[in-house]
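Structural characterization, general
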Amino acid sequence: AVMGSSTNMHHQVRTMGTNGQGGKGKAPGAKLRELVDEATATGKPLQIVGAVNAYCGLMAEKKGHKALYLSGGGVALSSLGYPDLGVTTLEDVLVDARRITRQTTAPLLVDIDTGFGTTIFNVQRTIEDMEAAGVAGVHMEDQVVAKRCGHRPNKQIVSTEEMVHRITAAVDARHDPSFFIMARTDALASEGLEASVERCKHYVAAGADALFVEAVTDLQEYKAFSEALPGVPLLSNLTEFGKTPLWSLDELSKVGVSMALYPLSAFRAMSKAADVVFETLKEQGSCVPCMDHLHTREQTYQVIDYHAWEKKLDKFQSSD
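Residues numbered from 1 in each chain as written. Predicted model: local features only at pLDDT ≥ 70, side-chain atom pairs only at ≥ 80, totals over all residues. Heavy atoms only, no water.

With that out of the way, let us pick up the pattern of salt bridges. When the charged atoms of two side chains with opposite charge come close together, those side chains can pair. One pass over the structure, following the stated rule, counts 15 salt bridges. Across the salt bridge formed by Lys-62 and Asp-305, the nearest N and O atoms sit 3.2 Å from each other. One end of the pair, Lys-62, is in helix 3 (residues 54-62); the other, Asp-305, is in the loop between helix 13 (297-304) and helix 14 (306-317), and 243 residues separate them in sequence. Of the residues examined, Asp-305 reaches a relative accessible area of 32% and is grouped as partly exposed. Here Arg-199 ties to Asp-142 by a salt bridge, and the two come within 3.7 Å at their closest N and O atoms. Taken as a pair, Arg-199 in helix 9 (residues 193-205) and Asp-142 in the loop between strand 4 (137-141) and helix 7 (160-173) lie far apart in primary sequence, 57 residues in all. Assigned by exposure class, Arg-199 and Asp-142 land together as buried. (Salt bridge = Lys/Arg side-chain N within 4 Å of Asp/Glu carboxyl O. Helix = DSSP H or I, 4+ residues; strand = E, 2+ residues; numbered from the N terminus. Buried < 20%, exposed > 50% of the residue type's maximum accessible area, 1.4 Å probe, protein only.)

Structure, rendered in structure tokens:
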């Protein structure tokens with residue numbers, strides 16, 4: 001009885017987000033589609049912010065962000081301590097995705113690399129598991145399985161036909177038709193603009209709901225895609241210190257971009273702050289000189305609604 005009461009208490013403190021399996025309301029994919037449609041209609045690109053864990057997702061929501069992102073490279077870095085070189089598994093990503101969707105309500109877009117396997121059955125399992133985890137949508141790329149970071153050299157691309165098979169398998173696997181499937185192309189660096197546009201025409205024909213063109217270096221390249229594929233939402237990956245300039249939302253809007261992605265911005269800021277703290281502790285033996293880099297206890301509590309949890313615990317333990 002005590003165990004059951006404790007579980008109920010948890011749900012009273014924070015009802016499972018609509019991303020979770022127990023959630024009510026619109027499906028996660030439908031929520032993401034509405035946001036993308038609104039961005040397209042208003043000409044104001046949807047900001048999709050990277051959250052490497054549930055705490056970051058909550059923080060982003062409290063700042064008013066409407067869509068979240070889980071980066072494959074972010075999982076590799078923050079959860080495993082590995083480079084973004086195809087080391088992560090489907091389960092690695094699912095663990096982090098489930099934790100985020102359980103505690104947040106904003107739709108979560110997830111990076112699934114090349115689909116986590118060498119056959120269409122692997123792709124289908126990935127889609128089924130992501131959808132079951134409360135994810136709103138995924139993006140899948142046209143690199144070979146032994147993939148590399150999209151902003152690094154020596155990327156190898158599969159044939160258009162193989163990528164079409166991946167997309168077809170993904171579309172066929174989803175149970176909820178609103179689940180958002182985005183095709184990412186890394187072909188721009190090796191095949192050029194015209195060939196990349198032609199690839200993406202096939203990807204959309206195979207059922208891709210949107211396009212993620214990686215490592216764009218010229219703003220007008222987006223315009224080429226938006227004009228060749230009118231009505232297809234485009235995502236711009238504004239990853240810092242990469243090949244793509246950090247264009248403004250207004251600049252992106254003018255060339256037909258619907259989504260602006262910031263995959264690891266917060267993670268990089270967290271890493272820099274942690275680096276300062278570790279160095280200060282080592283060299284000065286105290287955190288006092290770098291306290292301005294720390295959230296206060298109360299600021300942390302506000303992110304997770306700590307006081308609401310504590311009040312429920314007090315009520316649960318009360319003898320009245």
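A few words now on the side chain of Asp-142. Looking at Asp-142, the relative accessible area reads 0%, which means it is buried. A distance of 2.8 Å separates polar atoms of two side chains, one belonging to Asp-142 and the other to Tyr-203. Setting aside residues no more than four positions away along its own chain, Asp-142 makes contact with Gln-156, Ile-157, Val-158, Met-163, Arg-166, Arg-184, Thr-185, Asp-186, Ala-187, Arg-199 and Tyr-203. (Polar contact = N/O pair within 3.5 Å; in protein donor to acceptor, adjacent residues only side chain to side chain. Contact = heavy atoms within 4.5 Å.)

The next subject is the sheet that holds strand 3 (residues 108-111). Across a sheet, paired strands are connected by hydrogen bonds in the backbone, their directions being either parallel or antiparallel. The 8 strands are arranged 1-2-3-4-5-6-7-8 in a closed barrel whose pairing can be described as parallel. Strand-to-strand twist in this sheet, taken as the mean axis angle between neighbours without regard to direction, amounts to 25 degrees. One ladder, built from 3 bridges, connects strand 2 (residues 67-70) with strand 3; its direction is parallel. Among the inter-strand pairings, Leu-70 is bridged to a residue of strand 3, identified as Val-110. Contacting strand 5 (180-185) and strand 6 (210-213), helix 9 runs over the sheet at an angle of about 160 degrees to strand 5. (Pairing = 2+ DSSP bridges. Axes fitted to C-alpha atoms, helices over the stretch in contact; angles between N-to-C directions.)

What follows concerns unusual backbone geometry. A positive phi angle, close to 60 degrees, is found at Ala-215, a residue other than glycine. Along the chain, Ala-215 turns up in the loop between strand 6 and helix 10 (219-228). The exposure class of Ala-215 is buried, given its relative accessible area of 9%. Residue Asp-305 is not a glycine yet carries a positive backbone phi of 55 degrees.

Quick look at the confidence of the model for the protein now. Chain-level pLDDT for the protein is 90 on average; 88% of the residues reach the 70-or-more range. Of the regions scoring below 50 in pLDDT, residues 1-18 engages in 36 contacts with residues more than four places distant in sequence or in other chains. (pLDDT = per-residue confidence, 0-100.)

On to the pairing of strand 7 (residues 234-237), then. Side chains of strand 7 alternate between two faces, with Leu-234 and Ser-236 and Leu-235 and Asn-237 buried alike. Assessed by its sense of winding, the connection that carries the chain from strand 6 through helix 10 to strand 7 is right-handed. Sheet topology places strand 7 next to strand 8 (residues 259-262); 3 bridges connect them, and they run parallel. Across the sheet, Ser-236 pairs through a bridge with Ala-260, a residue of strand 8. As for the winding sense of the linkage, the β-α-β connection from strand 7 through helix 11 (residues 249-254) to strand 8 is right-handed. (Right-handed = clockwise from strand over helix to strand, strands pointing away.)

This brings us to the state of the cysteines. A complete count under the given rule lists 0 disulfides for this structure. Sulfur of Cys-287: no disulfide; nearest cysteine sulfur belongs to Cys-290 and is 4.3 Å away. (Disulfide = S-S within 2.5 Å.)

What follows is about the packing of aromatic side chains. Under the counting rule described, the total for this entry stands at 2 aromatic pairs. Centroid distance Tyr-222 to Trp-247: 5.8 Å. Interplanar angle 80 degrees. Geometry classified as edge-to-face. Note that Tyr-222 is positioned in helix 10 and Trp-247 in the loop between strand 7 and helix 11, a separation of 25 residues in sequence. Here Trp-247 falls in the buried class, since its relative accessible area comes to 12%. Relative to Tyr-306, the ring of Tyr-301 lies with its centre 4.1 Å away and its plane at 10 degrees, an arrangement referred to as stacked. Taking the relative accessible area as the measure of exposure, Tyr-301 reaches 18% and is therefore buried. Overall, Tyr-306 belongs to the partly exposed group, its relative accessible area being 28%. Directly above the ring of Phe-212 sits Arg-184, whose terminal nitrogen or CZ lies 5.3 Å from the centroid. (Phe/Tyr/Trp six-rings, centres within 6.5 Å; stacked < 30°, edge-to-face > 60°. Lys NZ or Arg CZ within 6 Å of the ring centre and 35° of its normal.)

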